[in-house]
Amino acid sequence: MKTLRILGCLLGLALALGAQDQTQIVITGQVKYNLALPLFNPGPGVPAAVASTFDNVLWNDLYQSAVVNLVGRSLYTAPTPAAETDLNNPALRGAWTAPPLSIQRLAFGALQVNQGGLVVDGFLYDVTQPPGAGRLLARRYANPDTPDGARAIAHHLADDIIAALGFGPGIASSQIAFISNRSGHQEVWTMDYDGHSQQQRTHLHSIAYSPRISPNGQTLAFMSSVGGQPQIKLLSLLTNRLLRFPAYRGLAESPAWSPDGSQLAFAANMGGPNMEIYTIHADGTGLHRLTFSHGYDNMSPAWNPKPPPGSPGQIAFVSSRIGLPQIYTMNADGSDQQRVPLGGYAVSPSWSPNGLSLAFAWVRGGGGENSGLSDIYLWYFGDQKYVQLTHNGDRNDFPSWAPDNRHIVFQSGKQYHTQLFTVAADGSVPTQLTSAGSNEMPNWSWH
Amino acid sequence: MRKAPSSHLVTALISGSALALCLAMAACGHKAVPPPPPPAPPKAAAPAPTITLQADPTAIQSGAASTLTWASTNATRVELNGTAVNLNGSQQVTPSQSTDYEVVATNADGQTANATVRVTVTQPPPPPAPPAPVVQNVGSFSDNVKDAFFDYDKSDIRPDAETVLQADAQYFKQNPDINLQVVGHCDARGSAEYNLALGERRADAVKNYLVSQGIDASRISTTSVGKEQPFCTQTTDDCYQLNRRGHFVKGN
């Protein structure tokens, strides 16, 4: 039995990938390089707050990526290159690569102020190559000379470094939409993937659920009870205004974007007794019913972002057709409905961008269904096996895959009071993103 | 209205005293003047009679009584509306319409005096209006209408909920002007999206039961708040149970 167990500690919550009777999960199939990231050289006139913001954000992005062994700066005995040409010096290169540092990849660069703007030169080298070789990245970035400008450059450079290391795409510039009650009502908010720049997007003063960012990042679909009945709403993230979208009799909830952004799937009862899955064009035309139940509900659809070639598209969803809710998959025309063999109480599916895995919330069988305590699990279609991601004895729900196939955002906490966390799919780098109010139902952007 | 009778009574007493005095003097006279039969005295003129008449009250509603009181002096005969009555006295009357009463006092010489009083009869009050439809105030809605509770993950109407809903249906039948909304609630366990649908099923189950009890479906709307807006927030079975319900809200 192959077992991989990596323990993370998060505010007293132990999150772990406990493979137990499951086989290993392979995130990338590639080894983690030892990466050094010395402070970037600040040129004259670069404000200290700008330089420190840049260095901190870039460090955190590479740490959060979970694909490199980021070697601590206090260990750096080798000189930082002042310019790219310094790496032609075999002694300098050797100082980084020799034990005990054993650096394999070196990221470095410089900040300068030019005509009121911040200009950053960033480099990534494979220092195991001989002098004159090993350049993986050399790029110049420009942005306003402010901490926010420096933050954006750092995110961009971080994603370029991740890609140059062979782990692209990165998530440093991605966004997370979520529901927060910190304003006194449940509203839709967005934030950077690292919890920065939390921004209220709606002011509807009602129940709000399930925000879903469109693939192009410009529109949010969500559920709102404004007006009395829960209905699907579309919000333009460019104008922060609601867009036209049909309302239906009864209850409509849990929207989900198709990978090309042209369609939404959602669940509605149309005034009848049961919830069914429908698809509709994003302009509100072409309503199409996919499920036909008799005395049970179907809801919480999630599209496969990368369906098999020739497939009409795939949708995972939740159905109570055998009792407690279970996760099913079907083709996007409603055919070939199959239950993911789990049991217990399994809800909130989120399909990984590569189409290989579902993240979901699960109360496993054995009598624990009534506890209200659920954990985040990953289901791997290839192996037909699951992996437990959280072990904290709390209410963990609403996982959402990051665009890099390596991270999950989810909600965790007590009833009526949850916070949002990210964690790598191997259980590493658990991070709390929110603390104000109760925050729930995170959704990671597609890019 | 209460002062006048006492003043009339005083008048009557005075009149009576004068009459008694007069009678006593006459008796003495008889005893003091023996026969022989006197020559026929020249016939003395009898004093003129007087009479007063009061009605208390002077205005009555039909069916009520008024008391007529009269007092005469120097009279040998008194008639009330043509009927001989005591020289001084009172009598209850219950006229059905406004009536003039007249007393006539006659003395020995046939001289008369009269007095009249009118007892006005007012129309009876309109019959009491039929009782207005019972208008329930807001408080009595929640006093009378009880919520239906559910089992975990279920939307079936339990036997205890049937009892409650039958009583609720009676109330809604007796108050046909009240529309109602059934709000489905769930306990905090499980998925928010799943619970929102579960709450909707519970609200629908309550509505369907009321319709089966004869309540017009058009009076009942439903919605769900799922696990939001809980009635309690403890992690106990008791609290979970309190939050699994179809809750009634007064509509219209």
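Thresholds applied
- Residues numbered from 1 in each chain as written.
- Chains lettered and ligands numbered in written order.
- Predicted model: local features only at pLDDT ≥ 70, side-chain atom pairs only at ≥ 80, totals over all residues.
- Helix = DSSP H or I, 4+ residues; strand = E, 2+ residues; numbered from the N terminus.
- Axes fitted to C-alpha atoms, helices over the stretch in contact; angles between N-to-C directions.
- Parallel < 35°, antiparallel > 145°, perpendicular 65-115°, else oblique.
- Left-handed = near helix turned anticlockwise from the far one by under 90°.
- Contact = placed C-beta atoms within 7 Å.
- Nonpolar A, V, L, I, M, F, W, Y, C, P; charged D, E, K, R; others polar.
- Core = buried A, V, L, I, M, F, W, Y, C linked by C-beta atoms within 7 Å.
- Buried ≥ 20, exposed ≤ 12 C-beta atoms within 10 Å, placed from the backbone.
- Expected span 1.5 Å × (residues − 1).
- Pairing = 2+ DSSP bridges.

**Considering unusual backbone geometry**
And then number 1: Between Pro99 of chain A and the following residue, Pro100 of chain A, the backbone shows a cis peptide bond with an omega angle of 5°.
And then number 2: Checked against the element boundaries, Pro100 of chain A lands in the loop between helix H2 (90-97) and strand E6 (105-114).
And then number 3: In this chain, Asp56 of chain B is followed by Pro57 of chain B through a cis amide linkage whose omega measures -5°.
And then number 4: Relative to the helices and strands, Pro57 of chain B is located in the loop between strand E1 (50-56) and strand E2 (59-61).
And then number 5: One non-glycine residue, Asn405 of chain A, lies in positive phi territory at about 65°.

**Describing the packing of helix H3 (residues 159-174) of chain B against helix H4 (residues 192-212) of chain B**
All names here are of chain B.
And then number 1: For the pair H3 and H4, the least separation of the axes is 10 Å and the interaxial angle reads 60°. Looking at the two axes, H3 sits oblique to H4. The interaxial crossing formed by H3 with H4 has right-handed handedness. Here Leu165, Asp168, Ala169 and Phe172 of H3 come into contact with H4, specifically with Val206, Tyr209 and Leu210.

**Some remarks on the interface of chain B and chain A**
And then number 1: With 20 residues of chain B in contact, the opposing surface of chain A contributes 29 residues.
And then number 2: Where the side of chain B that touches chain A is concerned, the elements lending two or more residues are H4 and strand E11 (220-226) of chain B.
And then number 3: With eight residues, the top contributor of residues to the side of chain B that touches chain A is H4 of chain B.
And then number 4: For the side of chain B that touches chain A, a count of residues per class yields seven nonpolar, six polar and seven charged.

**Let's talk about the nonpolar core**
And then number 1: Phe54, Ile161, Tyr209, Phe266, Phe360, Tyr377 and Ile408 of chain A are the most contacted members of the largest nonpolar core, which totals 143 residues.
And then number 2: By residue number, the principal contributor to this core is H4 of chain B, which donates 10 residues.
And then number 3: Counting 13 residues, the second largest nonpolar core, distinct from the first, contains Ile51, Ala75, Leu87 and Val104 of chain B.

**Examining H4 of chain B**
And then number 1: Relative to the 30 Å expected for 21 residues at 1.5 Å per residue, H4 of chain B spans 30 Å between its end C-alpha atoms, a close match to the ideal helical length.
And then number 2: Two residues or fewer past H4 of chain B, Gly214 of chain B is found with a positive phi of approximately 100°.

**Concerning the sheet that holds strand E6 (residues 89-93) of chain B**
Residue and element names in this part refer to chain B.
And then number 1: Here we have three strands laid out as an open sheet, ordered E1-E3-E6, and antiparallel in their pairing. Because the sheet does not close on itself, it has two edges, and the strands there are E1 and E6. Direction aside, the axes of adjacent strands within the sheet are offset by 20° on average.
And then number 2: Across five bridges, the pairing between strand E3 (residues 66-73) and E6 is antiparallel.

**A word on the sheet that holds strand E14 (residues 231-236) of chain A**
All names here are of chain A.
And then number 1: Sheet architecture is open: four strands sit in the order E12-E13-E14-E15, paired in antiparallel fashion. Only two strands of the sheet have a single neighbouring strand rather than two, namely strand E12 (208-213) and strand E15 (242-243).
And then number 2: Pairing analysis gives four bridges linking E12 to strand E13 (residues 219-224), with the strands arranged antiparallel. Looking at E13, one finds that Ala208 is bridged to Ser224.

**Looking at the pairing of strand E16 (residues 252-257) of chain A**
Residue and element names in this part refer to chain A.
And then number 1: By the criterion of burial, E16 is predominantly enclosed, with six of the six residues buried.
And then number 2: As paired elements, E16 and strand E17 (residues 263-268) share four bridges and run antiparallel to each other. Bridge pairing links Glu253 to Ala267 in E17.
And then number 3: What sits between E16 and E17 in their antiparallel hairpin is a turn of five residues, with Gly261 showing a positive phi close to 75°.

**So, the environment of Asp394 of chain A**
Residues and elements named next belong to chain A.
And then number 1: If you trace the backbone, Asp394 turns up in the loop between strand E27 (385-390) and strand E28 (397-401).
And then number 2: Residue classification places Asp394 among the partly exposed positions, given that 18 C-beta atoms sit within 10 Å.
And then number 3: Between the C-alpha atoms of Asp394 and Gln411, which are 17 residues apart in sequence, the distance is 9.9 Å.

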